[in-house]
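The residues making up each chain are set out below.
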Amino acid sequence: MKRDAMSPLVDLARRPERMRLWLAGITAVVVAALWLGSAFELGDERHRLIESARREAGSLAHSLSNDLRHSFRAIDVGMEHAGTIYLDQGLGDPAAIKPFLFDLREKISGIEDLGLADVDGSVLVSTIDGPVADIDLSDRDHFRAHLGRTDSALLISKPVVSRFTDNVILPVSKAVRGPDGELLAIVMPYLTRLYKRH
């Protein structure tokens, strides 16, 4: 009987311990629920941010693509016009095209230099100050690419270091062809806006 009489006493003594365990268990469940809810919320927010970044990147890529397309279209039209001026006025005097090249360089953003080379790769005229008579581009890809072709397409070459300025440039070139398709010269703008050397 002693045991039965003691039972309520033992029960009373264990109640605070059980209460603490029960409270600890409830607290653990609440904390776990909060963490789980936060994790889902953070995951959801992360997903929203990633989707937003993808939309923004797509929009930026689209804008950049349009900007590059317009820039290269302007360069192509300008080079076509430069070729026409060279054919009309510059065959005997390449310097006749120089004012147009300066004007074009000012109108199209990102162009460091505009030059005109003959069929041997010798620079005839350039918008860079200084002598150009000794500059030979016959070994450059942007020059050589026109030698085996019959069209006047605008070609974009891999970046190189300019022999004029020592800047990394993106060469663009367009052939100037005579009425029979013979190569007469190559007009070359050099783009530097994204390729400044530090």
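Structure's up top.
Residues numbered from 1 in each chain as written. Predicted model: local features only at pLDDT ≥ 70, side-chain atom pairs only at ≥ 80, totals over all residues. Heavy atoms only, no water.

**Observations regarding the overall build of the protein**
Regarding its fold elements, the protein presents three helices and six strands. Moving toward the C terminus, one meets the helices and strands of the protein in the order α-α-β-β-α-β-β-β-β. Within the protein, residue pairs in contact and separated by at least 24 positions form 49% of the contacts whose partners lie at least 6 positions apart. Of the roughly 13,000 Å² of accessible surface on the protein, a fraction of 59% belongs to carbon and sulfur atoms. (Helix = DSSP H or I, 4+ residues; strand = E, 2+ residues; numbered from the N terminus. Contact = heavy atoms within 4.5 Å. Areas by Shrake-Rupley, 256 points an atom, 1.4 Å probe, with all protein chains shown as cover.)

**What to know about the pattern of salt bridges**
On inspection of all chains with the given rule, the structure shows nine salt bridges. Across the pair Arg48 and Asp44 runs a salt bridge, and its minimum N-O distance is 2.8 Å. Remark: Asp44 and Arg48 occur in helix α1 (residues 2–90); sequence separation between them is four residues, near one turn of the helix. Of the residues examined, Asp44 reaches a relative accessible area of 37% and is grouped as partly exposed. Of the charged contacts, one joins Asp103 and Lys107 as a salt bridge, the two residues approaching to 3.0 Å between their closest N and O atoms. (Salt bridge = Lys/Arg side-chain N within 4 Å of Asp/Glu carboxyl O. Buried < 20%, exposed > 50% of the residue type's maximum accessible area, 1.4 Å probe, protein only.)

**Describing the nonpolar core**
Membership of the largest hydrophobic core comes to 21 residues, with the highest contact counts inside it found for Ile75, Ile97, Leu101, Leu116 and Leu191. Every element with two or more residues in this core is listed here: α1, α2 (98–107), β1 (111–118), β5 (168–177) and β6 (183–191). Per element, the largest residue contribution to this core is six residues, and it comes from α1. For Ile75, the residues in contact, after removing those within four places along its chain, are Ile108, Ile111, Leu154, Val172, Pro189 and Leu191. Counting residues in each nonpolar core, the second largest holds 13 residues, with Ala117, Leu137, Leu183 and Ile186 among its members. (Core = buried A, V, L, I, M, F, W, Y, C linked by side-chain atoms within 4.5 Å.)

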